[in-house]
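# Inside the fold
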Amino acid sequence: MYEMSLAEGVRAIVEDAARSQGLTRITAVVLEIGELANVEIDALRFCFDAVMQNTVAAGARLEIASVPGRGWCMQCADTVPVARLYDPCPRCGSYQVQATGGTEMRVKEIEVGRDTGDLAEEPTTRT
Ligand SMILES: [Zn+2]
């Protein structure tokens, strides 16, 4: 399952962050997921809960921040909104649209339990 490998990737990032920053408890993970990333959010939530068992993030809340899809239309020579990969340009109908945003998933924030509401910044991770 694709979502399982994504969840395992998130676990690796969370565990690295916990190790390097000496975190003992993570209460929430905020993920940015592009609308074009083709991620089943429900499946990802299920996998997240499963892979985080017996880690510092066991029982952590998973928060999803959706990133809108964007593409470069060759005909319009402009950036246009893209609802789904391989959709035509919403302005001119051309299929020569190259996705430029909303295809990635990254860990945006990790919330730690030690100090309430404290957020640790994480580096961008592309899938
Ligand atoms: Zn266009």
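This text goes with the structure placed above it.
Description of the structure in this document. Quantities reported herein were computed from a predicted structural model and do not represent experimental measurements.

## Quick look at the packing of helix α1 (residues 2–21) against helix α2 (residues 41–51)
Where α1 meets α2, the axes come as close as 8 Å, and the angle between the chain directions of the two elements is 50°. As judged from the angle between their axes, α1 and α2 are oblique. Handedness of the crossing formed by α1 with α2: right-handed. Listed contacts from α2 to E3, M4, L6, A7, E8, V10 and R11 of α1 are A43, L44, C47, F48 and V51.

## Here we look at α2
Listed as buried for α2 are L44, C47, F48 and V51. Mapping the buried residues of α2 onto a view down its axis gives an arc of 105°, with all of them on the same face. Opposite the packed face of α2, turned more than 90 degrees from it, sit the exposed residues D42 and A50. Buried residues in α2 make contact with α1 and β2 (61–67).

## A word on the environment of V30
Within the secondary structure layout, V30 lies in strand β1 (residues 26–34). When the 17 C-beta atoms within 10 Å are taken as the criterion, V30 is described as partly exposed. For the pair V30 and E109, spaced 79 residues apart in the sequence, the C-alpha separation amounts to 5.0 Å. Excluding anything up to four places from it in sequence, V30 contacts E63, A65, K108 and E109.

Calculation rules
Residues numbered from 1 in each chain as written. Predicted model: local features only at pLDDT ≥ 70, side-chain atom pairs only at ≥ 80, totals over all residues. Axes fitted to C-alpha atoms, helices over the stretch in contact; angles between N-to-C directions. Helix = DSSP H or I, 4+ residues; strand = E, 2+ residues; numbered from the N terminus. Parallel < 35°, antiparallel > 145°, perpendicular 65-115°, else oblique. Left-handed = near helix turned anticlockwise from the far one by under 90°. Contact = placed C-beta atoms within 7 Å. Buried ≥ 20, exposed ≤ 12 C-beta atoms within 10 Å, placed from the backbone. Arc of directions from axis to C-beta.

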